Amino acid sequence: MDKDDFLSMDFKEVVENLVASDNSPNIPEAIDRLFRDIANINRESMAEITDAQIEEMAVNLWNWALTIGGGWHVNGERKIKLHYVACKLLSMCEASFASEQGIQRLIMMNIRIGREWLDVGNFLIADECFQAAVASLEQLYIKLIQRSSPEADLIMEKITVERDHFRVLSYQAESAVAQGDFQRASMCVLQCKDMLMRLPQMTSSLHHLCYNFGVGTQKNNKYEESSFWLSQSYDIGKMDKKSTRPEMLAKVLRLLATNYLDWDNTKYYDKALNAVNLANKEHLNSTGLFLKMKILLKGETSNEELLEAVMEILHLDMPLDFCLNIAKLLMDHERESVGFHFLTIIHEHFKSSENTGKVLLLYIDMLLQRKEELLAKEKIEEIILAHQTGRQLTAELMNWLHNILWRKATSSFEVQNYADALQWYYYSLRFYSPDEMDLDFAKLQRNMACCYLNLQQLDKAKEAVAEAERHDPRNVFTQFYIFKIAVIEGNSERALQAIITLENVLTDEESEDNDLVAERGSPTMLLSLAAQFALENGQQIVAEKALEYLAQHSEDQEQVLTAVKCLLRVVLPKIAEMPESEDKKKEMDRLLTCLNRAFVKLSQPFGEEDLSLESRVNEAQWFRKIAWNLAVQCDKDPVIMREFFILSYKMSQFCPSDQVILIARKTCLLMAAAVDLEQGRKASTAFEQTMFLSRALEEIQTCNDIQNFLKQTGTFSNDSCEKLLLLYEFEIRAKLNDPLLESFLESVWELPHLETKTFETIAIIAMEKPAHYPFIALKALKKALLLYKKEESIDVSQYSKCMHNLINLSVPDGASNVELCPLEEVWGYFEDALSHISRTKDYPEMEILWLMVKSWNTGILMFSRSKYVSTEKWCGLALRFLDHLTSFKESYETQMNMLYSQLVEALSNNKGPVFHEHGYWSKSD
């Protein structure tokens, strides 16, 4: 069995399994496989299968595709694939072509499948199906001719074949248009057109098909093709006026005229005009008349011809709105003389109409556009007179009039002709009655107030703003003008209150402002203008508040940064001169809030329209330095100082990591850690202490990372900051009872450049509550003592203190059974101290006295343990220290010798217990 045999048998198995299967998730994959394999299968490759079996497979597939529903994981395109495979199988059977019924079945299947492929956009396979249908139609036609049938039956059957052929040709045209093949599409349509004499019932279908082609190609700016299709649509529609209404023919012609205009209004002007005239003959309506006027205005039509055209419109009793649109169209195309003449005629024609006001308003609007203001004012006075005598405009027309007047006032305002703007606003004001005051009235008053302010007529501006406030107090512009007037009058309190109210309105989610556009930039723009105006007029406190609110509410990145920078420049000189007080603390808190807002804006992603990378770095550098300087000024308030240092650190992260920035970051973190550590020391609860210390530890670890990076550059190897970081980290870990403390210290002990002071501090921290690490403290003191010994010139005072702490830690006062190290080692410390005492006269006498007492008490401790040899040894050591006393020697010598004699006697007589009660000594004895 060759490869084709395997393929055909496998194909048959897939088909059988598919039609027999339940709703399996593998069905889509099986369908796709059949569709893919059918291209490689022909009748020869399926020689092992009979025609009857192939036909059965095809019929089963076709019917199964018709029965499956939406829950079968099979979409519409896969159903088409099944139909396509079934049709291809059926076409392999000779029996399908043997009878007329078989050929008709194939024709039906190919037409249907081709239409389905056309609908889903697979034009190539659709064309294949249509071509197969045409071939089958030709075969069927031959069979019809060859067999003998009654003439009447034969004619009916031929018509049926032609109708199917017509359908296929129209589908082929659709496919060709979709593929941009105009030549093939036009050939198909012209063939269909030729068949209409025999198939008149198909006229309407072909007429609409050509119209749709014309609409589609016009949308794609294929004007030449569109003109062909629309012309064909009109020609075909005329062939059967019973089924094609005149309205539709006019619609086609109007679209054809528009197409000529869009294509080239100069070259095809006559064609466009002819098309629209023909459309108006078919069916006259306002759309056709308006289009004709547009076409006439595109050409070199004289005013007389235009006037003739508009008079024709008037004689046709077209509605007023349409006539007004024609007049406006004439004006827009700079045919004012015809337009105004037509308006005059319209005005007279519709004089008795209720809508005569529309004509007058349009007339006024056109006059103002032509800058014929005197005549416009006369017409406005006519309307005012009519309004006062009870002939009022409708609400809609009144709104239109207000818009005309306000638009003219705005244009005057924009060229700084404020007096003229006031005139037009005053016309608008005259139409308001006391019972008609609304938000627009308040807006009008604000607009007038703005003009008065620019004309420096303060009293009139105050009156207008008072009216606006009475009707719309929650409007941001009302508050803005209240603010401006207060600033001009020097009323800081009133100006500040207006700014606060303005901010409240901006943050009130329920407030609606019909002055403002939808953009959020408009309200914050007012705060920016308010700040600028206050600064220009010397109102610094008011300006500060406006800048603060602007930074708080603006979403614009650059606007926020500018506001914060401006606020800082205004406030910093004032803060520098303020004494420490609650007011200064409040100012610092305010600046901290604004700087944090700036940081948030710098942190936001930026695109092409926002800050450039270079600008961001420059801004961050500026804010970093300001935050640093403010931190330095807060030395009396460590908590707020820390916040400024942390903010300076955050700002520095937007800057390039050069040496200067790295040192600044390290310093900021170090200062912050110092404050957190101090807060941890003072914390009243364990929770607070853990929080502060953990935060400090994070800051120190980051600081260490920066320090290590700097060390890699070859500098700062002996930086004192490193010792401070070490001590901070040790203290934090000790107070947190960190299990990693010992491993942390392992690396510390190996550091080569640590000083005695560092080890002594470690010892103190190790014993400072809540920490208790005596072995660490002992090890640190030993290292400190070793360093003292290595010095060429020993600082005796510091050495004596270190020795004191080491001995006291090794043998604590009052200890009876616990020593941290063997007494032999402690003896060595005493001997070492005695050696230094013997070589210098600067050893502090109080320390010698303490050593004497400590050694004596140690001897007594040994006596209590019945270690008599050690007792005599330690007490003898005390007498050696006694020999080095100066001012205290006389006081202690007699008593010491007497006690020593008693001790020797006690040792001889074994009176340990009696001596033990009285033998301990302290420096106060």
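Structural notes, computed from the coordinates. Note that the coordinates shown come from a computational prediction; the quantities given were computed from them, not determined experimentally. Residue positions are given per chain, counted from 1 along the sequence in the order it is written. In keeping with the model being predicted, local features are shown solely for residues with a pLDDT of at least 70 and side-chain atom pairs are shown and tallied solely at 80 or more, while totals for entire chains, interfaces and linings include all residues. As a rule here, side-chain values cover all heavy atoms of the structure and leave hydrogens and water aside.

## Some thoughts on the overall build of the protein
Next, step 1: A tally of helices and strands in the protein yields 43 helices and zero strands.
Next, step 2: Our radius of gyration looks at C-alpha atoms and nothing else; its globule reference is 2.2 Å times the residue count to the power 0.38. In terms of overall size, the protein is more extended than a compact globule, its C-alpha atoms giving a radius of gyration of 52 Å where 925 residues would be expected to give roughly 29 Å.
Next, step 3: Any two residues whose heavy atoms approach within 4.5 Å at even a single point are treated as in contact. Considering only intrachain contacts with a sequence separation of at least 6, the fraction spanning at least 24 residues in the protein is 65%.
Next, step 4: With residues, only the protein chains shown are counted as cover, and all accessible areas are computed by Shrake-Rupley using a 1.4 Å probe. Accessible surface, the protein: about 46700 Å² in total, of which carbon and sulfur atoms supply 50%. Strands here mean DSSP runs of E at least two residues long; helices mean DSSP runs of H or I at least four residues long; both are numbered from the N terminus.

## Describing the state of the cysteines
Next, step 1: In this description, the term disulfide denotes a pair of cysteine sulfurs within 2.5 Å. Tallying each qualifying case throughout the model produces zero disulfides.
Next, step 2: With no disulfide partner, Cys 566 has as its closest neighbouring cysteine sulfur the one in Cys 594, 11 Å distant.
Next, step 3: Accessibility here uses a 1.4 Å probe with only protein chains present; expressed as a share of the type maximum, an area under 20% marks a residue as buried, one over 50% as exposed, and anything in between as partly exposed. Residue classification places Cys 566 among the partly exposed positions, given a relative accessible area of 23%.
Next, step 4: With no disulfide of its own, Cys 655 has Cys 668 as its nearest cysteine by sulfur position, at a separation of 11 Å.
Next, step 5: The exposure class of Cys 655 is buried, given its relative accessible area of 4%.

## What to know about helix α21 (residues 418–429)
Next, step 1: Expected helix span is given by 1.5 Å per residue-to-residue step, counting one fewer step than there are residues. Between the first and last C-alpha of α21 there are 16 Å, a value that for 12 residues agrees with the 16 Å anticipated at 1.5 Å per step.
Next, step 2: Regarding α21, the residues found buried are Tyr 418, Asp 420, Ala 421, Leu 422, Trp 424, Tyr 425, Tyr 427 and Ser 428.

## As for the pattern of salt bridges
Pairing is possible between side chains that carry opposite charge, provided their charged atoms lie close to one another.
Next, step 1: Put simply, a salt bridge is a Lys or Arg side-chain nitrogen that is within 4 Å of an Asp or Glu carboxyl oxygen. Under the defined criterion, the tally for this structure stands at 49 salt bridges.
Next, step 2: A salt bridge links Arg 642 to Glu 643; the nearest nitrogen and oxygen atoms lie 3.0 Å apart.
Next, step 3: Here Glu 699 and Arg 642 are joined by a salt bridge, their closest N and O atoms 2.7 Å apart. Residue Glu 699 is found in helix α33 (residues 686–712), and its partner Arg 642 is found in helix α31 (residues 638–652); the two are separated by 57 residues along the sequence.
Next, step 4: Relative accessible area serves as the criterion here: at 7%, Glu 699 is assigned to the buried category.
Next, step 5: Connected through shared salt-bridge partners, Glu 544, Lys 545, Glu 548, Lys 574, Glu 587 and Arg 590 make up one network.

## Side note on the packing of aromatic side chains
Next, step 1: Two rings from Phe, Tyr or Trp (for Trp, the six-membered ring) form a pair when their centres are within 6.5 Å of each other. A pair whose planes differ by under 30 degrees is stacked, one over 60 is edge-to-face, and the rest are tilted. Taken as a whole and judged by the stated rule, the model has 30 aromatic pairs.
Next, step 2: Judged by centre distance (5.5 Å) and plane angle (65°), the ring pair of Phe 863 and Tyr 868 falls under edge-to-face.
Next, step 3: Taking relative accessible area as the criterion, Phe 863 reaches 2% and is therefore assigned buried.
Next, step 4: Here Phe 888 and Tyr 892 contribute two aromatic rings whose centre-to-centre distance is 6.5 Å and whose plane-to-plane angle is 65°, an arrangement assigned as edge-to-face.
Next, step 5: Looking at Tyr 892, the relative accessible area reads 7%, which means it is buried.
Next, step 6: One aromatic cluster in this structure is built from Phe 182, Phe 213, Phe 228 and Trp 229.
Next, step 7: Two limits define a charge over a ring: the Lys NZ or Arg CZ must be within 6 Å of the ring centre, and within 35 degrees of the ring normal. One cation-aromatic arrangement involves Arg 115 over Tyr 171; the distance from NZ or CZ to the ring centre is 4.8 Å.
Next, step 8: Sitting over the face of the ring of Trp 622, Lys 565 holds its NZ or CZ atom 5.6 Å from the ring centroid.

## Concerning the packing of helix α16 (residues 320–332) against helix α17 (residues 336–349)
Next, step 1: Geometry is summarised by axes, namely lines fitted to C-alpha atoms with helices restricted to the contacting stretch, and by angles between N-to-C directions that run from 0 to 180 degrees. Taken N-terminus to C-terminus, the directions of α16 and α17 make an angle of 160°; their axes are 7 Å apart at the nearest point. The angle between the axes of α16 and α17 places the two elements in the roughly antiparallel class. When the axes of α16 and α17 are compared, the crossing they make is left-handed. Here α16 contributes Leu 320, Cys 323, Leu 324, Ile 326, Ala 327, Leu 330 and Met 331 to the contact with α17, which in turn contributes Glu 336, Val 338, Gly 339, Phe 340, Phe 342, Leu 343 and Ile 346.
Next, step 2: Lys, Arg, Asp and Glu make up the charged group, whereas Ala, Val, Leu, Ile, Met, Phe, Trp, Tyr, Cys and Pro make up the nonpolar group; the residues left over, Gly among them, are polar. When grouped by side-chain class, the residues that make up the contact of α16 with α17 number 12 nonpolar, one polar and one charged. Note on angle classes: values under 35 degrees are labelled roughly parallel, values over 145 roughly antiparallel, values of 65 to 115 roughly perpendicular, and the remainder oblique. For a crossing to be left-handed, the near helix must be turned anticlockwise from the far one by less than a right angle; the clockwise case is right-handed.

## Some thoughts on helix α36 (residues 756–766)
Next, step 1: Across the 11 residues of α36, eight count as buried, placing the element largely inside the fold.
Next, step 2: Those residues of α36 that sit buried are Thr 756, Thr 758, Phe 759, Glu 760, Ile 762, Ala 763, Ile 765 and Ala 766.
Next, step 3: Where the residues of α36 are buried, they touch α34 (720–735), α35 (741–749), α37 (774–790) and α38 (796–810).

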